Amino acid sequence: HRRLSIIDLGGSPQPMATHDALQCVTFNGEVLNYRELRRRIDYPYRTDGDTEVVLAAFRARGVDAAREFRGQFAFAVHDSASGRTWLVRDRLGILPLYYHATARRVVFASEIKALLPALESDLAVDHAGIEAYLAHRAVPAPETLFRGIRKVPPGHCVRIDPDGRVSVEPWWCPRISSRTYRSAHTSAVAWTAA
C-alpha cells in the first residue's frame with residue numbers, strides 16, 4: 001500500500017484492521033466529513049484519521065456507509081469472516097480504482113501499471129476498449145484498454161466472493177430533478193443532480 005498521507009501521519013498505517021481483525025481496509029483519498037461521522041459511529045477508535053472512520057462505518061453499515069462519505073475516495077475492504085472483498089469508488093469517480101479478478105485471487109490498484117507484476121498472463125489489448133477510445137477519446141468504466149483489467153465505475157461497488165464471483169452494483173445514483181424557467185422571451189429546462 002502506498003498513499004500520500006495527510007491526516008494522522010504516524011497513527012493511521014495501512015492496510016488497517018478492525019480491533020478484532022475481522023475486517024481490513026486499504027483506503028486512498030479523503031473523507032471530508034470524517035470527524036462528524038466519527039462522533040456518530042460507536043467504535044473503539046485507536047487513531048485520529050479518516051481511514052479508521054471508513055473502516056468503522058463499513059463495519060457498521062457495509063457498502064451503504066459510502067453514501068455518507070463526502071469527498072473523493074477509493075477503498076477496498078476484506079471481511080475475513082465471509083471471505084468477501086469490496087472495492088468502492090467515490091460518486092464521481094475522482095479517484096481511479098482498477099482490478100483484475102480470477103477464481104484464485106484479486107488484485108487492485110489506482111494505476112494499471114501497478115497491476116502488471118501480479119497478472120498471471122501477458123497483458124493483451126481489449127479491442128472493444130480501443131474502439132471506444134478511438135470513437136470517444138475515453139474508455140467508459142468498467143472497461144479499460146486491457147483485457148482482464150477492469151475499473152470500478154463511479155458510485156459503484158465491486159463485490160468479490162470467495163469463489164471468485166464478481167458482482168458490480170451502484171451504491172449511488174444522482175437524483176435528477178427538472179425545473180422549467182420561463183421569461184417573456186425564452187423558456188429553458190435546467191437539470192440538476194442532487
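Below is a short write-up of the structure. This one's a predicted model, so the numbers in the text were calculated from it and none came from an experiment. (Residues numbered from 1 in each chain as written. Predicted model: local features only at pLDDT ≥ 70, side-chain atom pairs only at ≥ 80, totals over all residues. Heavy atoms only, no water.)

Counting across every chain of the model gives seven aromatic pairs. For the pair Phe58 and Phe75, a centre-to-centre distance of 6.4 Å together with 85° between the ring planes defines the contact as edge-to-face. Placement of the pair is Phe58 in helix α2 (residues 50-61) and Phe75 in strand β3 (residues 71-79), with a sequence separation of 17 residues. Take Phe58: its relative accessible area is 8%, and that puts it in the buried class. On the basis of relative accessibility, which here comes to 2%, the residue Phe75 falls in the buried class. Seen in terms of ring centroids, Phe73 and Phe75 are 6.0 Å apart; in terms of plane orientation they differ by 35°. Their pairing is tilted. Assigned by exposure class, Phe73 and Phe75 land together as buried. The cationic tip of Arg38 hangs over the ring face of Tyr45; the distance from NZ or CZ to the ring centre is 4.2 Å. (Phe/Tyr/Trp six-rings, centres within 6.5 Å; stacked < 30°, edge-to-face > 60°. Helix = DSSP H or I, 4+ residues; strand = E, 2+ residues; numbered from the N terminus. Buried < 20%, exposed > 50% of the residue type's maximum accessible area, 1.4 Å probe, protein only. Lys NZ or Arg CZ within 6 Å of the ring centre and 35° of its normal.)

Once that is clear, we can look at the sheet that holds strand β7 (residues 150-151). Overall, antiparallel pairing links the three strands, which are arranged β6-β5-β7 in an open sheet. What marks the edges here is a single partner per strand, and that holds for β6 (106-109) and β7. (Pairing = 2+ DSSP bridges.)

Here α2 is 12 residues long and its end C-alpha atoms lie 16 Å apart, about the 16 Å a rise of 1.5 Å per residue gives. Counted residue by residue, α2 has nine buried out of 12 residues, so it is predominantly covered. The set of residues buried in α2 consists of Asp50, Thr51, Glu52, Val53, Val54, Leu55, Ala56, Ala57 and Phe58. Residues of α2 that are buried make contact with β1 (16-17), β2 (23-31), α1 (34-40), β3 and β4 (84-89). One or two positions beyond α2, positive phi appears at Gly62, with a value near 65°. (Expected span 1.5 Å × (residues − 1). Contact = heavy atoms within 4.5 Å.)

Once that is clear, we can look at the sheet that holds strand β9 (residues 166-170). Spatially, β1-β2-β3-β4-β8-β9 is the arrangement adopted by the six strands of the open sheet, whose pairing is antiparallel. If you trace the sheet from one side to the other, it starts and ends with β1 and β9, each paired once. With nine bridges connecting them, β2 and β3 associate as antiparallel partners. The partner of Glu30 across the bridge, within β3, is Gln72. This element, α2, spans β1, β2, β3 and β4 of the sheet and lies at about 125° to β2. (Axes fitted to C-alpha atoms, helices over the stretch in contact; angles between N-to-C directions.)

Keep in mind these numbers describe shape, not what the thing actually does.
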